[in-house]
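# Examining the three-dimensional arrangement
So you can see what is in the structure, the chains are spelled out below.
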Amino acid sequence: MNILLTGATSKIGQLFLCELVKNIDVEKIYCLSRSAPSAAEVSVLKDRVVVIQGDLSSEGLNLEGLGPIDCVLHLAGVTHSFSEEEYFKINTEGTRKLAETLRRRGCRRFYYFSSQTAGPNAGAYALSKWNAEKLLLSLDWDPLVIFRPSEVVDAGGAEGIDKIIYWSKNYKICPWFLHQPPILFFPVGVRSLVEHVIDCLFQKPKMAGVQVVRGPPISSKALALMMFHRYKSIPVPVPLGLL
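Please read all numbers here as calculations on a predicted model, not as lab measurements. (Residues numbered from 1 in each chain as written. Predicted model: local features only at pLDDT ≥ 70, side-chain atom pairs only at ≥ 80, totals over all residues. Heavy atoms only, no water.)

So, about the overall build of the chain. On a plain count of helices and strands, the chain comes out with 7 helices and 13 strands. Against the 2.2 N^0.38 benchmark of 18 Å for 243 residues, the chain shows a C-alpha radius of gyration of 19 Å, consistent with a compact globule. Every one of the 243 residues in the chain was classed for burial, and the buried ones make up 44%. Put simply, of all contacts in the chain between residues at least 6 apart along the chain, 72% involve residues at least 24 apart. Of the roughly 13,200 Å² of accessible surface on the chain, 55% is carried by carbon and sulfur atoms. Looking at the chain, you have 27 positive and 23 negative side-chain charges, and the mean spots of the two groups are 5 Å apart. (Helix = DSSP H or I, 4+ residues; strand = E, 2+ residues; numbered from the N terminus. Rg over C-alpha atoms; globule rule 2.2 N^0.38 Å. Buried < 20%, exposed > 50% of the residue type's maximum accessible area, 1.4 Å probe, protein only. Contact = heavy atoms within 4.5 Å. Areas by Shrake-Rupley, 256 points an atom, 1.4 Å probe, with all protein chains shown as cover. Lys, Arg positive; Asp, Glu negative; His and termini not counted. Charge placed at Lys NZ, Arg CZ, Asp CG, Glu CD.)

This is the structure:
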């Protein structure tokens with residue numbers, strides 16, 4: 001199997017790359033990158049890994065050097081930007097260009113990392129992901145799998161539960177959001193998420209559709225108590241209306 005991986009430079013992308021390299025069913029892994037790899041990076045790449053220079057924000061998506069592709073694992077995207085236009089330029093239009101280019105090349109399997117927030121009424125980021133999902137669903141795939149992960153823990157992020165853990169560990173304070181009914185989180189470990197997606201890639205028969213990937217629920221109060229026992233951080237009550 002030949003796989004195209006986008007977003008390979010992120011922490012979660014690196015975990016996927018490591019797992020794919022170890023899989024004997026994978027012949028070649030093409031990693032889409034906005035810049036050419038340095039000499040140091042090239043020296044550590046495995047024989048089966050090829051870096052393809054390409055930018056999802058460019059007018060034309062040039063995938064020179066890309067061989068036959070059986071499936072794509074599309075992780076790349078913009079999650080934080082001061083420009084709403086950038087969300088749609090990368091997350092929606094970039095995904096469209098990638099998908100249409102790969103379909104013309106005969107690729108039939110598409111695995112897309114969306115967001116649990118994807119929808120029409122939750123801001124520009126959520127809408128850009130929602131629009132990308134609709135674009136992908138309009139094309140012919142066998143299969144198309146859309147992953148909507150919940151709060152991903154230990155993925156090198158600076159928001160959500162990762163941010164709460166960082167505050168608890170380094171500043172010894174932990175927000176406890178006051179709300180009725182209680183605020184619930186559904187954290188999923190990054191390694192558990194990677195294992196689940198890899199299983200889907202090689203599962204027979206192939207799975208298709210939208211998957212919400214999340215862990216067991218935990219309330220804001222329970223999370224604050226967990227941080228107190230783990231890091232001795234002080235729970236700080238925060239009325240949700242102040243946020």
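After presenting the structure, the write-up continues.
Our focus in this paragraph is a nonpolar patch on the surface. A surface patch of nonpolar side chains, amounting to about 590 Å² of accessible area, comprises Y166, W167, Y171, I173, I234 and V236. Elements supplying a minimum of two residues to the nonpolar patch: α5 (160–170) and β13 (234–239). You can see I173 is positioned in strand β8 (residues 173–178). On the accessibility criterion, I173 (38% relative accessible area) is partly exposed. (Patch = residues over 30% accessible without salt bridge, like charges linked within 9 Å, V, L, I, M, F, W, Y side chains within 5 Å. Salt bridge = Lys/Arg side-chain N within 4 Å of Asp/Glu carboxyl O.)

Before going further, it helps to examine the packing of aromatic side chains. By the definition in use, this model includes 5 aromatic pairs. Judged by centre distance (5.8 Å) and plane angle (50 degrees), the ring pair of F113 and F147 falls under tilted. You can see F113 sitting in strand β5 (residues 109–113) and its partner F147 sitting in strand β6 (residues 144–149), a full 34 residues away along the chain. The burial state of F113 is the same as that of F147; both residues are buried. Taken together, F16, F113 and F147 form an aromatic cluster joined through their ring pairs. Geometry around W141 places R103 over its ring, the cationic atom sitting 5.6 Å from the centre. The residue whose ring lies beneath R214 is F186, and the NZ or CZ to ring-centre distance is 4.0 Å. (Phe/Tyr/Trp six-rings, centres within 6.5 Å; stacked < 30°, edge-to-face > 60°. Lys NZ or Arg CZ within 6 Å of the ring centre and 35° of its normal.)

All right, on to unusual backbone geometry then. The step from D142 to P143 runs through a cis peptide bond, and the omega angle for that step is 5 degrees. Structurally, P143 is set in the loop between α4 (124–137) and β6. The backbone of K172 sits at a positive phi, close to 60 degrees, despite the residue not being glycine.

Between its first and last C-alpha, helix α3 (residues 84–104) extends 30 Å over 21 residues, near the 30 Å set by a 1.5 Å rise per residue. Taken as a whole, α3 carries its principal kink of about 30 degrees at E93. Every buried residue of α3 is listed here: Y87, I90, N91, T92, G94, T95, K97, L98, A99, T101 and L102. As for α3, its buried residues are in contact with β1 (2–6), β4 (71–74), β5 and α4. (Expected span 1.5 Å × (residues − 1). Bend = angle between axes of the 7 residues up to and from the residue.)

The subject of this paragraph is helix α1 (residues 11–22). The first and last C-alpha atoms of α1 sit 17 Å apart over 12 residues, in line with the 16 Å expected at 1.5 Å per residue. Within the sequence span of α1, burial applies to I12, G13, L15, F16, L17, L20 and V21. Of the surrounding elements, those touching the buried residues of α1 are β1, β2 (28–33), β3 (49–53), β4, β5 and α6 (190–202).

Counting buried positions along β2 yields 5 of 6 residues, so the element is predominantly enclosed. For the crossover that starts at β1, traverses α1 and ends in the parallel β2, the hand is right-handed. The sheet contact formed by β2 and β3 spans 5 bridges and is parallel. Counted as the bridge partner of Y30 is V50 from β3. (Right-handed = clockwise from strand over helix to strand, strands pointing away. Pairing = 2+ DSSP bridges.)

Function cannot be read off these values alone, since they describe shape.
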